[in-house]
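If you want the building blocks of each chain, they are given just below.
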Amino acid sequence: MAGSSTEYIKHHLTNLVFGQHSDGTWGLADSAAEAKEMGFWAINVDSMGWSIVLALVFLGVFKSVANKATSGVPGGLQNFVEIMVDFIDSTVKDSFHGRNPLIAPLALTIFVWVFMMNAMDLVPVDFIPALFNLFGIHFMKVVPSTDPNITLGMSFSVFAMIIYYSIKVKGIGGFAGELSLHPFNNPNPVIQALFIPINLFLEILNLVTKPISLGLRLFGNMYAGEMIFILIALMPLWIQWTLSVPWAIFHILVITLQAFIFMVLTVVYLSMAHEDH
Amino acid sequence: MNINATIIGQAISFAIFVFFCLKFVWPPLIAAMNERKEKIAAGLQDADTAEKDLALAKEKAAQTLREAKQQAAELVEQANKRAAQLIDEAKDQARSEGERLKVAAQGEIEQEVNRAKESLRAQVAVLAVAGAEKILNTSVDQSAHSEMLEKLAAEL
């Protein structure tokens, strides 16, 4: 039993990977070890697929509402979408003090998309994998945000935007100055020269930590939550609901909170990138 | 759990979806919402104006009512005055008419009295003579005593 539970957990935590086999042919990996051998140039078909499908659902719904949006009395779906838009808009206005038309749509995309990816956690853990198993697909991880590739892919995109806007707003000199002249500075140029390496080290560390912590926080929370669902699924069938229901209810809070944190931190980081001293 | 090309794929799709949201989703929604905001603001302002107009109209109506009441009161007072005046006039007229009638009646009565006196005077002489004739049993010369009898009649 111990062996099969380990297998069950491992099986649930293995992505469906498409890449180049060691013999040179391309195809889906049959095991976790095989997937590892494929190296970097492989793709997690399940995470990628679900993430794109969810984004298409989100954008499809929002786009259809946007097409029909009236300034009259809004209907049910438009009401919901407007609540989201208004919520994002006010959050962005609160924490972002520059003027950049990109930030609010960016925040909306992040919030809704991450929320939907997290919400896949609430689908019973065996539901979709069992369905795909019928079609001969043996690995299926349905929660994209439990894949660090997904969360880090987004957080590094945010990182790229931080760098881009820092340079755009402050100029290369300003950005370099920000990295090298803080937190220690001294009017004496000799002492300042001594401080510069220390400052650079601290500030670059600070800068690089941002995307990593941003991506890993989301990944860690979702991974842990998914793990607990998997563990609950190992228990006898008749007792599962006593744990899975409370955990799922609690998890509704977690998935919303994590999506919100990811969005707010993105906005705050970009706001900091726009601040010119 | 391996880091692989998925990270690049996710970054690319992220960029595409954000771009799509920026171009096609966000602007119409926010435009509709802003437009509604303006509409509501305008509506509220209209309501404010209407309220002020209403208050003004109410005040005007009250003013008009007050004026009308005052006018009515004046009219009633005038009418009362006029009525009193008419009554007084009528009384005066009646009084003077009565006076006149009384005077006329008195005159008539006096005339009647005078006339009765005259006729009595005319007859008393005859009666006196007849009486005296009977008393004296003689005929009295009318012409001889007429002067004395006239004097007597005049004394009546």
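Look above for the structure.
How each quantity is defined
Residues numbered from 1 in each chain as written. Chains lettered and ligands numbered in written order. Predicted model: local features only at pLDDT ≥ 70, side-chain atom pairs only at ≥ 80, totals over all residues. Heavy atoms only, no water. Contact = heavy atoms within 4.5 Å. Buried area = accessible area lost by both parts, 1.4 Å probe. Salt bridge = Lys/Arg side-chain N within 4 Å of Asp/Glu carboxyl O. Polar contact = N/O pair within 3.5 Å; in protein donor to acceptor, adjacent residues only side chain to side chain. Nonpolar A, V, L, I, M, F, W, Y, C, P; charged D, E, K, R; others polar. Axes fitted to C-alpha atoms, helices over the stretch in contact; angles between N-to-C directions. Helix = DSSP H or I, 4+ residues; strand = E, 2+ residues; numbered from the N terminus. Parallel < 35°, antiparallel > 145°, perpendicular 65-115°, else oblique. Buried < 20%, exposed > 50% of the residue type's maximum accessible area, 1.4 Å probe, protein only. Lys, Arg positive; Asp, Glu negative; His and termini not counted. Pairing = 2+ DSSP bridges. Core = buried A, V, L, I, M, F, W, Y, C linked by side-chain atoms within 4.5 Å.

1. Quick notes on the interface of chain B and chain A
With 29 residues of chain B at the contact, the number on the chain A side is 53 residues. Taken together, both faces of the contact between chain B and chain A bury some 3600 Å²; the carbon and sulfur share is 73%. Summed over the shared surface of chain B and chain A, the number is one salt bridge. A:Glu82 is the partner of B:Arg36 in a salt bridge, and the nearest nitrogen-oxygen pair spans 2.7 Å. The tally of links from chain B across to chain A stands at twelve residue pairs in polar contact (both at pLDDT 80 or more). Residue classes in the side of chain B that touches chain A are distributed as 20 nonpolar, six polar and three charged.

2. Considering the packing of helix α5 (residues 103-119) of chain A against helix α7 (residues 148-180) of chain A
Helix-helix packing is characterised by the crossing angle of the two axes and by the distance between the axes. Residues and elements named next belong to chain A. Running from N to C, α5 and α7 cross one another at 170°; their axes reach a closest spacing of 12 Å. Classified by the angle their axes make, α5 and α7 are roughly antiparallel. Judged by residue contacts, Leu106, Ile110, Trp113, Val114 and Met117 of α5 engage Ile150, Met154, Val158 and Met161 from α7.

3. What about the side chain of A:Glu226?
Residues and elements named next belong to chain A. Structurally, Glu226 can be placed in helix α8 (residues 189-233). Lys141 is the oppositely charged side chain nearest to the buried, salt-bridge-free Glu226, at an N-O distance of 7.4 Å. With residues near it in sequence (within four places) discarded, Glu226 still touches Asp121, Val125, Val143 and Thr146.

4. Points about the sheet that holds strand β2 (residues 26-28) of chain A
Taking strand neighbours across the sheet as the criterion, the three strands line up as β2-β1-β3 (chain A) in an open arrangement whose pairing is antiparallel. The open sheet has two edge strands with one neighbour each: β2 and β3 (43-44) of chain A.

5. Re the nonpolar core
In terms of nonpolar packing, the biggest core is built from 65 residues, with A:Phe62, A:Leu108 and A:Ile110 touching the most fellow members. At the level of elements, α3 (45-68), α4 (76-95), α5, α7, α8 and α9 (240-274) of chain A together with α1 (6-136) of chain B are the ones that each hand at least two residues to this core. Here this core gets eleven residues from one element, more than from any other, and that element is α5(A). Once residues lying within four places of it in the same chain are set aside, the contact partners of A:Phe62 are A:Val81, A:Met84, A:Leu108, A:Val112, B:Val25 and B:Leu29.

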